[in-house]
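Structure at a glance
Residues per chain, in single letters:
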Amino acid sequence: MIYAPSLACTRQIAMEADVRQLIEGDMPFLHIDFMDGHNVPNLCANLDTARELKETFPTITLDAHLMVTNPEDYVAPGAAAGLDYLSFIPDTARDPAALLRDIRQAGMKPGIVINPEHTPEEFHDLLPLADMVILMSIVPGGVRRPFDEGTYRKIRALAEFREKEGLKYLISIDGGINRDNGRQCRLCGADVLILGFYAIFQQDIPIPAACRRFRSWIEA
């Protein structure tokens, strides 16, 4: 199981310090959101933030999630910034299959994002080209929103299709993850849990201890 703390939930004025604590808690796989204020009504990190994080912490993995209207524009700059995974919403791309290939050609691992209003079955033709599938378990663009329990069926569907077709993509769950639904996601076949305020941030203990505690909850 991969645990991917969301950088959107760090203290923005003290992100470097929080990232150091995440690494201390053995969670160096970090999820970073890019929002343009158009695809979703919010803004988040920028590519300069990603580049500085990679320069400061070269061993981290940056898992980037595009919530933008022009994902093609992020491929070359994302690679230059050091992004490891780059996932986008298929509806926003001019040619989703071509974009997945372009991301891989640029040296990153490509992925797609399935928002709550869509199902995995709608994107079966793209799955063989993906290294990551992010299932949004909340309405994107905000925090502290309720977890959609329909996500469990989608996880199982993606896991079954992956096994049937011999594919290798990771199944990642983004939004509202806590100790209860996180464990259920794992049991359904999820590989990555994106963690926020319900899991490791703003807890009653320091971040490294919260990381270790959450892992023990999920893997018990």
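Fair warning: this is a prediction, and the values are worked out from it, not measured in the lab.

How each quantity is defined
- Every chain begins its residue count from 1, and numbering advances along the sequence as written.
- Owing to the predicted nature of the model, reporting of local features is limited to residues with pLDDT of at least 70; listing and counting of side-chain atom pairs is limited to 80 or more, with chain, interface and lining totals taken over all residues.
- For the side-chain quantities, the full set of heavy atoms in the structure was used; hydrogens and water were omitted.
- Helix axes are fitted to C-alpha atoms over the stretch in contact, other axes to C-alpha atoms as well, and angles between N-to-C directions run from 0 to 180 degrees.
- Secondary structure elements are taken from DSSP: a helix is a run of H or I of four residues or more, a strand is a run of E of two residues or more, and numbering for both begins at the N terminus.
- Oblique is the label for any angle not covered by the other classes, which are roughly parallel (under 35 degrees), roughly antiparallel (over 145) and roughly perpendicular (65 to 115).
- Each crossing gets its handedness from the near helix: less than a right angle anticlockwise from the far helix is left-handed, clockwise is right-handed.
- Only heavy atoms enter the contact rule, under which two residues are in contact if any of them lie within 4.5 Å.
- For this classification, the nonpolar set comprises Ala, Val, Leu, Ile, Met, Phe, Trp, Tyr, Cys and Pro, the charged set comprises Asp, Glu, Lys and Arg, and every other residue, Gly included, is treated as polar.
- When DSSP finds at least two bridges between two strands, those strands are taken to pair.

Here the focus is the packing of helix 6 (residues 179-188) against helix 7 (residues 207-219). Taken N-terminus to C-terminus, the directions of helix 6 and helix 7 make an angle of 50°; their axes are 8 Å apart at the nearest point. Accordingly, the angle class assigned to the pair helix 6 and helix 7 is oblique. For the crossing formed where helix 6 meets helix 7, the hand is right-handed. Two secondary-structure elements touch here, helix 6 through Arg179, Gly182, Arg183 and Arg186 and helix 7 through Phe214, Trp217, Ile218 and Glu219.

All right, on to the environment of Pro140 then. Note on placement: Pro140 falls in the loop between strand 6 (132-136) and helix 5 (151-165). Once the C-alpha coordinates of Pro140 and Pro116 are considered, the two residues, 24 residues apart in sequence, prove to be 8.5 Å apart.

Moving on to the packing of helix 1 (residues 15-24) against helix 7. Two elements in contact, helix 1 and helix 7, have axes whose closest approach is 8 Å; the angle formed by their N-to-C orientations is 40°. Judged on the interaxial angle alone, helix 7 and helix 1 are oblique. The chirality of how helix 1 crosses helix 7 is right-handed. On the side of helix 1, the interface is formed by Asp18, Gln21, Leu22 and Glu24, while helix 7 contributes Ile207, Pro208, Cys211 and Arg212. For the contact of helix 1 with helix 7, the class distribution of residues is four nonpolar, one polar and three charged.

Within a sheet, neighbouring strands are paired by backbone hydrogen bonds and run either parallel or antiparallel to one another. If you trace the eight strands from one edge of the open sheet to the other, you get 1-8-7-6-5-4-3-2, paired in parallel fashion. Each edge of the sheet is formed by a strand with only one pairing partner; in this case those strands are strand 1 (2-5) and strand 2 (29-35). Taking the axes of each pair of neighbouring strands and ignoring which way they run, one obtains an average angle of 25° across the sheet. As judged from the three bridges shared by strand 3 (residues 61-67) and strand 4 (residues 85-88), these two strands associate in the parallel manner. Bridging across to strand 4, Ala64 finds its partner in Leu86.

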